[in-house]
Amino acid sequence: MSLDPAIAARLKRNEAGLVAAVVQERGTGNVLMLAWMDEEALARTLQTRKATYYSRSRQQYWVKGETSGHTQYVHEVRLDCDGDTVLLVVDQQGAACHTGTHTCFDTDILLAARS
C-alpha cells in the first residue's frame, strides 16, 4: 500500500521516518494513547479504518486489537498544522492501554504533585 503523494508531501517525519499518532475516543473526546506511524501504517489505516501502527521496539506493523481484541475503528484522521502529528478519532472497543486500562493517560501528575 502506498500513501497518497499529496498527504505524504505534508508529513514531517522524525529521523526514523515516523510521525506521532495521537488517538482520541470519538464519543468522549478522551485522549487514549500515543503511537507511531510511518507512511505504510498511515496508508493501511486510511484504507482499512483499522488503526495500524509501527512498533519501534519490534520494528514491525501492528493493528490495534489484533491479538488483544481491543480494537480501534477509525472515523477521522487529521494532520496537525506542522505535519508532524496525526490525530486518529476512533471508536475504542476494550482497553486502549497495554496495561489494561481504557486510556494510557490515567495518571494525573499535577494532582500527584500536590499531595
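Report on the accompanying structure. (Residues numbered from 1 in each chain as written. Predicted model: local features only at pLDDT ≥ 70, side-chain atom pairs only at ≥ 80, totals over all residues. Heavy atoms only, no water.)

1. Overview of the overall build of the protein
Thought 1: For the protein, the helix and strand inventory stands at three helices and six strands.
Thought 2: Along the protein, from the amino end to the carboxyl end, the secondary structure elements read α-β-β-α-β-β-β-β-α.
Thought 3: Scaling as 2.2 N^0.38, a compact globule of 115 residues should have a C-alpha radius of gyration of about 13 Å, and the protein matches this with 15 Å.
Thought 4: Classification of the 115 residues of the protein by burial places 33% in the buried group.
Thought 5: In the protein, once contacts between residues fewer than 6 apart in sequence are set aside, the share between residues at least 24 apart is 45%.
Thought 6: As displayed, the protein has an accessible area near 7,100 Å², and 50% of this comes from carbon and sulfur atoms. (Helix = DSSP H or I, 4+ residues; strand = E, 2+ residues; numbered from the N terminus. Rg over C-alpha atoms; globule rule 2.2 N^0.38 Å. Buried < 20%, exposed > 50% of the residue type's maximum accessible area, 1.4 Å probe, protein only. Contact = heavy atoms within 4.5 Å. Areas by Shrake-Rupley, 256 points an atom, 1.4 Å probe, with all protein chains shown as cover.)

2. Details of the nonpolar core
Thought 1: Ranked by size, the top nonpolar core spans 20 residues in total, and within it Met33, Met37, Tyr53, Val86 and Leu88 carry the most contacts.
Thought 2: If you list the elements that add at least two residues to this core, you get β1 (19–25), β2 (31–37), α2 (39–48) and β6 (85–92).
Thought 3: When residues of this core are assigned to their parent elements, the largest contribution, four residues, is made by β2.
Thought 4: For Met33, the contacting residues outside a window of four places in its chain are Ala21, Val22, Val23, Tyr53, Trp62, Lys64, Gln72, Ala96, Cys104 and Phe105. (Core = buried A, V, L, I, M, F, W, Y, C linked by side-chain atoms within 4.5 Å.)

3. Observations regarding the pattern of salt bridges
Thought 1: As enumerated under the stated definition, the model contains four salt bridges in all.
Thought 2: Its salt-bridge partner being Arg44, residue Glu40 comes within 3.0 Å of it at the nearest N-O pair. Here Arg44 and Glu40 lie together in helix α2, a separation of four residues that amounts to about one turn.
Thought 3: Among the salt bridges present, the one from Glu76 reaches Arg78, with a minimum N-O distance of 2.7 Å. (Salt bridge = Lys/Arg side-chain N within 4 Å of Asp/Glu carboxyl O.)

4. Focus on the packing of aromatic side chains
Thought 1: Enumeration over the complete set of coordinates arrives at two aromatic pairs.
Thought 2: A centroid spacing of 5.3 Å and a plane angle of 70° characterise the contact between Tyr54 and Tyr61, whose relative ring orientation is edge-to-face.
Thought 3: For Tyr61, a relative accessible area of 27% corresponds to the partly exposed category.
Thought 4: Its end group placed over the ring of Tyr61, Arg44 keeps NZ or CZ at 4.3 Å from the ring centre. (Phe/Tyr/Trp six-rings, centres within 6.5 Å; stacked < 30°, edge-to-face > 60°. Lys NZ or Arg CZ within 6 Å of the ring centre and 35° of its normal.)

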